[in-house]
Each structure stands twice: as C-alpha cells, then as structure tokens.
Amino acid sequence: MFNKNTLKTLMIVLPLVTLAACKSGPTEAEIEAEANRAAEVAAQQAADAKAAAEAEAKRVELAKAAEMKRLQDLKEEEKSKLMNQNVVYFDFDRASIKSDFHSVLDMHAAFLVKNPGQSIVIEGHTDNRGTPEYNIALGERRAKSVETYLMNAGVSSSQVSVVSYGEEKPAVQGGSEYAFAQNRRGVVVYQ
C-alpha cells in the first residue's frame, strides 16, 4: 500500500505537521502583555501631547502678557510725554487757542482717540486782573475752548470734563507780565 519513499516522506512531514498544529499562536499572557505595552505607549503619547499643549498655551499666555506690558509701558511713556506738554497759554482776556498750541492738542487728541477709556479734566486759569467772577467765567471759556478743539479732533465728550479755577491757582506768583502770561492757561490733566 505505501511504498518506501512515501513512508519516508510521511515520517518526515508528520512530525512537522504535529509541531505546527501544537504551535497555535501567542498565549493569552503574551496577548495581555502586548495589549498592556500598547496601552502604556498610548498613555505616554497622550501625556506628552497634553504637556506640549499646556506648554504652548503657557507660552502664548506669557507672550500676550509681555505684549500687554509693552503696550502699557508705551501708553504710560506716551502719557508721561503728554503730561509734560499739557499747558495751553492764552492771550490777555482771550479764550481762543493760538496756532502755536494746535500740535500739542493734536497729540493729546490722538492719544485720547486711541485710548477711549482714558479721561481728562481741562482746567481753565486766569491771571489776577479782573474780578473773581469774571475770571471764573473766563477760565471756563478757556477750558471749553480746549474741550471743543479736542472734540473736533475726534475725542469723545465722555472722556472730557472742564473746571475753571479762575485766578485761584496761579502757576507763578506776582504782578509781572511774565507771571500774568504763565497764569493765563488751560491745563489738560489725565485722570
């Protein structure tokens, strides 16, 4: 029935088939270990991604804070410069703004338009010639003249208020022409 060659072939192949049949795949423990390794890798990748996202959010937050500080410093620097150029002088018994002060008021207007939350008070002052009542009225006209100029340049009326001190708060004491000229003024005061 079987020839010699067939028998030899069967004797070689049969153990191999038996071995192959016994080896059916990875054990349950091996599958579980591989699944655990895959879960650990996925968890580490998720943690790395979360840490990278948090680091980027922190970097963006710090960059925004630095930019806000820089803008605030620029605003304060500009405001400081404006506070050093905040006086408009008037001629005797006049409330009209001289052309010499248009550039000063234009700088204030530009700052106020860029910073709508900023408010100012315009103080009107006079020298001590004239009655106190007249000087209060003249100081108010001077302050309103500055207010009108700024509003015509785009400043919101809600940012500006006026007050007149008349002759009550002189910049320079005395009765010289220099003292009178220094006291006839409108002053822009930032709040």
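Higher on the page you've got the structure.
The paragraphs below set out a description of the structure included in this document.

What counts as what
Residues numbered from 1 in each chain as written. Predicted model: local features only at pLDDT ≥ 70, side-chain atom pairs only at ≥ 80, totals over all residues. Heavy atoms only, no water. Helix = DSSP H or I, 4+ residues; strand = E, 2+ residues; numbered from the N terminus. Buried < 20%, exposed > 50% of the residue type's maximum accessible area, 1.4 Å probe, protein only. Contact = heavy atoms within 4.5 Å. Areas by Shrake-Rupley, 256 points an atom, 1.4 Å probe, with all protein chains shown as cover. Expected span 1.5 Å × (residues − 1). Arc of directions from axis to C-beta. Core = buried A, V, L, I, M, F, W, Y, C linked by side-chain atoms within 4.5 Å.

**A look at the overall build of the protein chain**
Along the backbone of the protein chain there are five helices and four strands. Split into buried and exposed, the 191 residues of the protein chain put 26% on the buried side. Of the contacts made within the protein chain by residues no fewer than 6 positions apart, 74% connect residues no fewer than 24 positions apart. Of the roughly 12700 Å² of accessible surface on the protein chain, a fraction of 59% belongs to carbon and sulfur atoms.

**Regarding helix α3 (residues 102–114)**
For α3, built from 13 residues, the straight-helix expectation of 18 Å at 1.5 Å per residue is met to within 8% by its first-to-last C-alpha distance of 18 Å. Within the sequence span of α3, burial applies to V104, L105, H108, A109, F111 and L112. The buried residues of α3 occupy one face: seen down the axis, they fall within an arc of 165°.

**Here's the deal with the nonpolar core**
Ranked by size, the top nonpolar core spans 19 residues in total, and within it I97, I120, V146 and L150 carry the most contacts. Sorting the residues of this core by element identifies α3, β2 (120–125), α4 (132–152) and β4 (185–190) as the ones contributing at least two each. For I120, the contacting residues outside a window of four places in its chain are L112, L150, Q159, V160, S161, V188, V189, Y190 and Q191.

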